[in-house]
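# Notes for the structure review
Chain residues, written in single-letter form:
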Amino acid sequence: AHDIEYYGLVRAQKSIRRADVVCMFFDATETISRVDKQLVSEIDEQHKPCIFVVNKWDLGKDAEMEMGKWVDYLRREFSTMHHAPIAFITAKESRNVRKLINLAQSVFKQSRERVSTGQLNRVIHAAVARNQPRIKANRRPVILFATQVATEPPTIVIKCSDHKLIEPAWKRYLLGVLHEELPFREVPIKLYFRGRDDAGSPRDRA
């Protein structure tokens with residue numbers, strides 16, 4: 001039994017790496033499993049666009065479950081995947097399956113979007129004006145400019161005075177702003193910070 005579970009997990013992980021969009025299924029009548037958590041961790045690490053799909057929703061409703069509680073449950077268990085949309089379906093009866101396919105197409109389109117450098121910098125400078133990075137080691141990091149360097153997933157490089165001064169909490173804040181203000185609401189964003197004198201590969205991914 002353990003071998004079957006292992007090879008099933010390995011096969012799923014390979015599928016995730018090949019996928020443009022991952023539909024991660026959960027059974028509405030079951031709790032989130034250890035394997036579910038491993039797969040979502042792989043999706044997160046690979047920066048794959050993902051839809052959380054709660055299946056057998058007819059049975060969930062019969063058990064007096066509420067969508068809001070399932071949404072809260074998923075958000076609580078997978079706090080780094082708040083951007084992932086959530087769909088409720090009953091696959092056996094094809095309920096909401098067409099909506100799921102349309103959502104997957106929308107998410108894929110978002111992953112291929114590209115924004116102009118001007119638009120990106122306006123959003124980031126407004127975010128800094130509302131909430132500046134904290135002072136660290138008696139210095140406040142200065143955000144200089146940003147540019148999108150890739151799609152699938154959207155990848156943004158931010159040039160700053162010293163990337164080591166940017167704290168994780170502020171990176172999370174900025175990621176939240178980028179999800180809200182740019183056409184990447186439901187897809188992962190790769191965010192890199194480079195210091196003024198840094199060269200070569202992006203560093204300090206958020």
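Values in this document were obtained by computation on a predicted structure and should not be read as measured data.

Averaged over all residues, the pLDDT of the protein chain is 92; the fraction at 70 or higher stands at 95%. Low pLDDT, under 50, characterises residues 201-205; the predicted model gives this stretch 17 contacts beyond four residues in sequence or across chains.

As a further point, take a nonpolar patch on the surface. Judged by side-chain polarity, Val142, Leu144 and Phe145 come together as a nonpolar surface patch covering roughly 240 Å² of accessible area. For Leu144, the location among the structural elements is in strand 4 (residues 143-150). Owing to a relative accessible area of 30%, Leu144 belongs among the partly exposed residues under this scheme.

So, about the sheet that holds strand 2 (residues 50-55). Picture the strands of a sheet paired through backbone hydrogen bonds; they go either parallel or antiparallel. Taken in spatial order, the three strands of this open sheet run 1-2-3, and their pairing is parallel. Of all strands in the sheet, those bounded by a partner on one side alone are strand 1 (22-27) and strand 3 (86-88). Taken pair by pair, the neighbouring strands of this sheet meet at an average axis angle of 25°, ignoring direction. Of the pairings in the sheet, the one linking strand 2 to strand 3 comprises three bridges and is parallel in character. The residue of strand 3 that forms the bridge with Phe52 is Ile86. Each of strand 1 and strand 2 is contacted by helix 2 (residues 34-45), which is oriented at about 160° to strand 1, the strand it contacts most. Packed on one face of the sheet, helix 5 (residues 97-111) meets strand 1, strand 2 and strand 3 and runs near 165° to strand 2.

Turning next to the pattern of salt bridges. Counted according to the given criterion, the structure contains eight salt bridges. Ionic pairing is found between Glu167 and Arg134, a salt bridge with its closest N-O pair at 3.8 Å. Taken together, the residues Glu167 in the loop between strand 5 (155-160) and helix 7 (168-181) and Arg134 in the loop between helix 6 (117-130) and strand 4 connect sequence positions 33 residues apart. For Glu167, a relative accessible area of 21% puts it in the partly exposed group.

This part takes up the state of the cysteines. Applying the stated criterion across every chain yields a total of zero disulfides. The thiol of Cys23 is unpaired, and the distance to the nearest cysteine sulfur, on Cys50, comes to 7.6 Å. For Cys23, a relative accessible area of 32% gives the class partly exposed.

Attention shifts here to helix 7. In this model, helix 7 (14 residues) spans 20 Å end to end at C-alpha, consistent with the 20 Å of a helix rising 1.5 Å per residue. All of the buried residues in helix 7 are Trp170, Lys171, Leu174, Leu175, Val177, Leu178 and His179. Tucked inside the fold, the buried residues of helix 7 contact helix 6, strand 4, strand 5 and strand 6 (190-194).

It is worth spelling out the layout of surface pockets at this point. Here the largest pocket is characterised by a volume of approximately 640 Å³. Forming the boundary of the largest pocket are 21 residues, of which Thr80, Met81, His83, Leu175 and His179 lie nearest the centre. Along the lines of polarity and charge, the residues of the lining of the largest pocket split into six nonpolar, seven polar and eight charged.

For helix 6, spanning 14 residues, the distance from its first C-alpha to its last is 20 Å, which sits close to the expected 20 Å at 1.5 Å a residue. Against the buried residues of helix 6 lie strand 4, strand 5 and helix 7.

Definitions and limits used
Residues numbered from 1 in each chain as written. Predicted model: local features only at pLDDT ≥ 70, side-chain atom pairs only at ≥ 80, totals over all residues. Heavy atoms only, no water. pLDDT = per-residue confidence, 0-100. Contact = heavy atoms within 4.5 Å. Patch = residues over 30% accessible without salt bridge, like charges linked within 9 Å, V, L, I, M, F, W, Y side chains within 5 Å. Areas by Shrake-Rupley, 256 points an atom, 1.4 Å probe, with all protein chains shown as cover. Salt bridge = Lys/Arg side-chain N within 4 Å of Asp/Glu carboxyl O. Helix = DSSP H or I, 4+ residues; strand = E, 2+ residues; numbered from the N terminus. Buried < 20%, exposed > 50% of the residue type's maximum accessible area, 1.4 Å probe, protein only. Pairing = 2+ DSSP bridges. Axes fitted to C-alpha atoms, helices over the stretch in contact; angles between N-to-C directions. Disulfide = S-S within 2.5 Å. Expected span 1.5 Å × (residues − 1). 1 Å grid on protein atoms, 1.4 Å probe; cavity = no way out; pocket = protein on both sides within 12 Å on 5 of 7 lines; lining within 4 Å. Points joined across faces, edges and corners; volume = space filled by probe spheres on them. Nonpolar A, V, L, I, M, F, W, Y, C, P; charged D, E, K, R; others polar.

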